[in-house]
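Chain and residue survey
The residues making up each chain are set out below.
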Amino acid sequence: MLGDLIKRPRRLRRNASVRELVRDTHVQLSHLIQPYFLKDGKGSEPITGFSGVCRLGVDLVSRQVESDLEKGLRNFLFFAHSTKKDSQGTEAWNPEGLIPTTLSTIKKRFGDSVLLFTDVCLCPFTSHGHCGVVKGEEIVNDASVEQLAKMAVCHAQAGADFVAPSDMMDGRVRAIRHALDRQGYQQVGVLAYTAKYASSYYGPFREALDSSPQFSDRSSYQMDFRNARAALQELSLDLEEGADIVMVKPALPYLDIIAQFREHSAVPVAAYCVSAEYQMVKLLVREGLAEERKLVLENLSAITRAGAQIIVTYHASEIARGGWL
Ligand code: PBG
Ligand code: ZN
C-alpha cells in the first residue's frame with residue numbers, strides 16, 4: 001500500500017527553497033579560471049571552429065581582464081599564438097615575447113587582485129608542433145625539460161603567479177620547481193597538468209595556436225585514455241616533485257580520474273574543461289538542442305561533484321558576465 005510509504009525522497013525536491021537547502025554542490029566564480037589566447041599587435045582575430053573565442057592583442061586582453069574583474073572573475077590562464085616557430089621553440093623563453101610582456105602589463109595594472117597562470121609548453125613555438133624538442137621522430141625528454149624550466153622562469157620573472165606545465169615530459173615539475181627556487185621565485189606555484197590524456201578534444205585549441213604536430217601524434221607523451229591507474233602514478237610523481245595543484249584534462253570524459261585524484265591527494269585538484277568540450281556545448285546550443293546556461297552549470301556541477309575544486313573553462317567569462325551562478 002502506498003499509504004505505508006515512509007521514505008519519500010521527493011520531499012526534499014518539493015520546491016526551490018527546499019532544493020536550495022539540501023543542494024550539496026556549489027560552483028563558484030572564485031574557483032574558475034578563464035583561458036585567453038594572445039596575439040601580436042592590437043585587436044582581435046576569430047578562431048575557426050571555436051565559437052566566441054578570439055585571439056586578443058594586449059590592449060583587448062587588458063580590457064577583458066578589467067571587465068572580468070568587475071564581475072568577480074580573477075583567475076586567468078594565458079596562451080600565446082606565435083608566428084615565430086623554430087625546431088627548438090626558442091621563442092618560448094624570450095623575455096620580450098607575448099606572454100611575458102602581457103603578464104607584466106596586467107600585473108602592473110591589477111596587482112594581486114588577479115591570479116595569472118601561464119601554460120608552459122613548447123608546442124606553440126616549435127616548427128614541428130610537438131611539446132618537446134625532437135631528434136628524428138623521437139620527442140626527447142630531458143632536453144625538453146631544460147627548455148621548459150627556462151620558460152617557467154621567464155614567466156615567473158614577468159609576474160606569473162602559477163606556471164602550468166602541460167607538456168607531459170617526465171621530471172618537469174621537479175626541474176621547474178628547482179629552477180624557480182634557484183632564481184628566487186619560491187612563491188610562484190606549479191599547477192601541473194598531471195593526468196593529461198592524448199585526446200581528440202583539443203581540436204579548437206590547436207586551431208587557436210596553430211600547434212598541431214606536423215608528424216605523428218602526441219601519444220608517446222600524453223596519456224593513453226584506456227588507462228586509469230597510470231594517472232595515479234603521474235599523481236604520486238607530481239606530488240613528490242612539488243606540484244602545488246594537480247590537474248586532470250580533459251574533464252567530462254575523465255570524471256573517474258578526477259574522483260581518484262580527490263581521494264589520493266591532499267593538494268587542490270583542478271580539471272580542465274577543454275576546447276572541444278566547450279565547442280560541443282556551443283554546437284548543441286546553436287542547434288537549439290540545449291539551453292546554454294543550464295547545460296554549462298550541469299557540466300561544471302558534475303566536474304565539481306567528481307572532486308575538482310578548480311575548473312579551467314572557456315565559459316568562465318560568460319558565466320561571470322551573465323551572472324549565471
Ligand atoms: C599544450 C596544450 C594543449 C591544451 C592545453 N595546453 C593541447 C595539446 O596538447 O595539443 C589543450 C586545451 C584545450 O583543448 O582547450 N600542450
Ligand atoms: Zn604542448
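Going along each chain's sequence as written, the residues are numbered from 1 onward. The lettering of chains begins at A and the numbering of ligands begins at 1, in the order of writing. Under the rules for a predicted model, residues below a pLDDT of 70 receive no local features and side-chain atom pairs below 80 are neither given nor counted, while totals for whole chains, interfaces and linings still include all residues. In computing side-chain properties, one takes all heavy atoms of the structure into account and sets aside hydrogens as well as water.

Here we look at helix α3 (residues 98-110)
We apply this condition: Helix and strand assignments come from DSSP, with helices taken as H or I runs of at least 4 residues and strands as E runs of at least 2, each series counted from the N terminus. Expected span of a helix, by definition, is 1.5 Å for each gap between consecutive residues, and there is one gap fewer than residues. In this scheme, a residue with accessible area under 20% of its type's maximum is buried, one over 50% is exposed, and one in between is partly exposed, where area comes from a 1.4 Å probe on protein chains only. Here a residue-residue contact requires only that any non-hydrogen atoms of the pair lie within 4.5 Å.
In this model α3 runs 18 Å from its N-terminal to its C-terminal C-alpha over 13 residues, within 8% of the 18 Å that 1.5 Å per residue would give. Along α3, the positions that sit buried rather than exposed are Leu 98, Ile 99, Pro 100, Thr 102, Leu 103, Ile 106, Lys 107 and Phe 110. Of the surrounding secondary structure, the elements contacted by the buried residues of α3 are β1 (32-38), α2 (58-70), β4 (75-80), β5 (115-120) and α4 (141-158).

Concerning the coordination of the zinc ion (ligand 2)
Heads up, the condition is: In this listing, donors mean N, O and S atoms no farther than 2.8 Å from the metal, or 3.2 Å for Na, K and Ca; water is missing from the atoms, so a site can look incomplete. Every geometry call rests on angle ranges, with four donors termed tetrahedral when all angles are between 85 and 135 degrees, four termed square planar and six termed octahedral when opposite donors are over 155 degrees apart and all others are between 65 and 115, and everything else termed irregular.
In this structure, Cys 121 (SG), Cys 123 (SG) and Cys 131 (SG) serve as the protein donors to the zinc ion (ligand 2), at separations of 2.2 to 2.3 Å. Around the zinc ion (ligand 2), the 4 donor atoms are arranged such that angles at the metal cover 99 to 119°; this shape is classified as tetrahedral. The sequence pattern describing where the donors of the zinc ion (ligand 2) fall on their chain is C-x1-C-x7-C. On the basis of relative accessible area, Cys 123 is assigned to the buried category, the value being 6%.

Some remarks on the pairing of strand β11 (residues 269-273)
Side-chain positions along a regular strand alternate between the two faces of the sheet. Defined as follows: Pairs of strands are assigned from DSSP output, requiring at least two bridges between the strands. We call a crossover right-handed when, viewed with both strands directed away from the observer, the connection leading from the first strand over the helix to the second proceeds clockwise.
In terms of residue burial, β11 counts as a mostly covered element, since 5 of its 5 residues are buried. Burial along β11 is two-sided: Val 269, Ala 271 and Cys 273 facing one way and Ala 270 and Tyr 272 facing the other are all buried. Here strand β10 (residues 245-249) pairs with β11 via 3 bridges, running parallel. Its bridge partner lying in β11, Val 248 is registered against Ala 271. A crossover connection joins β10 to the parallel β11 through helix α8 (residues 255-264); in handedness this β-α-β unit is right-handed. The pairing of β11 with strand β12 (residues 310-313) spans 4 bridges and is parallel.

A short note on the side chain of Thr 126
By the element assignment, Thr 126 lies in the loop between β5 and β6 (133-135). Leave out the neighbours within four places in its chain, and Thr 126 touches Lys 85, Asp 86, Ser 87, Gln 88, Gly 89 and Gly 132.

Points about the pattern of salt bridges
This is how the line gets drawn: Salt bridge, as used here, is a side-chain nitrogen of Lys or Arg placed within 4 Å of a carboxyl oxygen of Asp or Glu.
The tally for this structure, following the rule as stated, stands at 12 salt bridges. Here Glu 45 ties to Arg 55 by a salt bridge, and the two come within 2.7 Å at their closest N and O atoms. Highlighted residues: Glu 45 in strand β2 (residues 44-46) and Arg 55 in strand β3 (residues 54-56), separated in sequence by 10 residues. The exposure class assigned to Arg 55 is buried, which follows from its relative accessible area of 11%. Notably, a salt bridge pairs Lys 282 with Glu 292, separated by 2.7 Å at the nearest N-O pair. In this pair, Lys 282 sits in helix α9 (residues 275-286) while Glu 292 sits in helix α10 (residues 292-306), placing the two residues 10 residues apart along the sequence. Each of the two residues, Lys 282 as well as Glu 292, counts as buried. Each of Lys 107, Asp 112 and Asp 161 takes part in one network of salt bridges that share partners.

Remember that the coordinates give geometry; whether it matters functionally is a separate question.
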